[in-house]
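Inside the fold
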Amino acid sequence: MDWSHHRFHSLWPLPAPPAAVYAVLQRPEDYPRWWPQVRSVTRLDDTTAVFTVRSLLPYGLSFTARETRRSPAAGVLEIAMSGDLHGWARWTLTAGGPGTLARYDQVVDADKPLLRRLAVPGRPLFRANHRLMMRSGRRGLLRRLEAV
């Protein structure tokens, strides 16, 4: 087993229609305004951006995200990632009750040397760190959707 390989999955029930949620999620350059752990997003072109993220643990990650799928009709946004992390991430939005169910899936390998060295003893901390980041992202997105 490669301890630097990670699969993450989050479900965010949101009280807004899928089109409104999609409109916010398709603008990664705005993520730092509502998601505190996304420290910066620098657009390189229409489909590529460099993200810098940092959650509770005292290390930041930088990766390039290249859009691989954008389908408003299907409610899908997907990226390929390279840098400190490489792999992919996908948002899938579906109508759910009075709003939207936003599903986030990510499959990555950690390439940052410190993360690789600490892969086995640090794995529970890395997973908890990711959960905290996602929980904070959901709260930020809820506030952003209320403001729109």
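In this report, the structure presented in the accompanying data block is examined. (Residues numbered from 1 in each chain as written. Predicted model: local features only at pLDDT ≥ 70, side-chain atom pairs only at ≥ 80, totals over all residues. Heavy atoms only, no water.)

A few points about the overall build of the protein chain
Quick note on the threshold: Put simply, DSSP H or I for four residues or longer makes a helix, DSSP E for two residues or longer makes a strand, and each gets a number counted from the N terminus. Exposure classes here rest on a 1.4 Å probe applied to the protein chains alone. A residue is buried below 20% of its type maximum, exposed above 50%, and partly exposed in between. Whether two residues are in contact is decided by their heavy atoms: any pair within 4.5 Å suffices.
Within the protein chain one finds 4 helices and 7 strands. For the protein chain, the N- to C-terminal ordering of α and β elements is β-α-α-β-β-β-β-β-β-α-α. By principal-axis analysis of the C-alpha atoms, the protein chain measures approximately 45 × 30 × 25 Å. Counting only residues that meet the buried cut, the protein chain has 44% of its 148 residues in that class. By sequence separation, contacts in the protein chain at least 24 residues apart represent 50% of the contacts at least 6 residues apart.

Looking at empty space enclosed by the protein
The following threshold applies: Using a grid of 1 Å spacing that covers the protein atoms alone, one calls a set of points a cavity when a 1.4 Å probe fits there but cannot get out, and a pocket when the set is open and has protein on both sides within 12 Å along at least five of seven lines; lining residues are those with an atom within 4 Å of a point. Grid points are joined across faces, edges and corners, and a volume is the space filled by probe spheres set on the points. Polar here means any residue other than Ala, Val, Leu, Ile, Met, Phe, Trp, Tyr, Cys and Pro, which are nonpolar, and Asp, Glu, Lys and Arg, which are charged; Gly is therefore polar.
On inspection of all chains with the given rule, the structure shows 1 cavity of 30 Å³ or more. Around the largest cavity sit 41 residues that line it, and Phe 63, Ile 79, Ala 89, Tyr 104 and Gln 106 are the ones nearest its centre. Among the secondary structure elements, those contributing two or more residues to the lining of the largest cavity are strand E1 (5-14), strand E2 (38-45), strand E3 (48-53), strand E4 (61-71), strand E5 (76-83), strand E6 (85-96), strand E7 (99-110) and helix H4 (119-147). Broken down by element, the lining of the largest cavity gets its largest block of residues, 7 residues, from E4. When grouped by side-chain class, the residues that make up the lining of the largest cavity number 25 nonpolar, 8 polar and 8 charged.

Observations concerning the nonpolar core
If you look at soluble globular proteins, the nonpolar side chains tend to sit buried side by side. So the rule is basically this: Joining through side-chain atoms within 4.5 Å is the link that ties buried Ala, Val, Leu, Ile, Met, Phe, Trp, Tyr and Cys residues into a set, and such a set is a nonpolar core.
If you look at the biggest cluster of nonpolar residues, it comprises 38 residues, and the most contacted ones within it are Leu 25, Trp 35, Trp 91 and Leu 141. Element by element, the count of residues in this core is highest for H4, at 6 residues. Excluding anything up to four places from it in sequence, Trp 35 contacts Trp 12, Trp 91, Met 133, Met 134, Ser 136 and Gly 137.

Points about the packing of aromatic side chains
Our working rule: Classification of ring pairs rests on two measures: the distance between centres of Phe, Tyr or Trp rings, Trp counted by its six-membered ring, which must be within 6.5 Å, and the angle between planes, read as stacked under 30 degrees, edge-to-face over 60 and tilted in between.
Applying the stated criterion to the full structure yields 9 aromatic pairs. Ring geometry for Tyr 59 and Phe 126: centres 5.9 Å apart, planes at 80°, overall edge-to-face. Of the two residues, Tyr 59 is situated in the loop between E3 and E4 and Phe 126 in helix H4; the sequence distance between them amounts to 67 residues. The same class applies to Tyr 59 and to Phe 126, which are both buried. Ring plane angle 55° and centroid distance 4.8 Å describe the contact between Trp 91 and Tyr 104, whose orientation is recorded as tilted.

Concerning the environment of Arg 135
Relative to the helices and strands, Arg 135 is located in helix H4. Residue classification places Arg 135 among the partly exposed residues on the basis of a relative accessible area of 48%. Placed 112 residues apart in sequence, Arg 135 and Ala 23 show a C-alpha to C-alpha distance of 20 Å.

Describing the pairing of E3
Note the threshold: Being paired, for any two strands, means DSSP has found at least two bridges between them.
In this sheet, E3 lies alongside E2 in antiparallel orientation, the contact comprising 6 bridges. When the bridges of E3 are listed, Thr 42 appears paired with Val 50.

Concerning helix H1 (residues 18-25)
The condition that has to hold: Directions pointing from the helix axis toward each C-beta atom define the arc.
All buried positions along H1 are accounted for by Val 21, Tyr 22, Val 24 and Leu 25. Looking straight down H1, one finds that the buried residues subtend no more than 160° of arc, so they occupy a single side.

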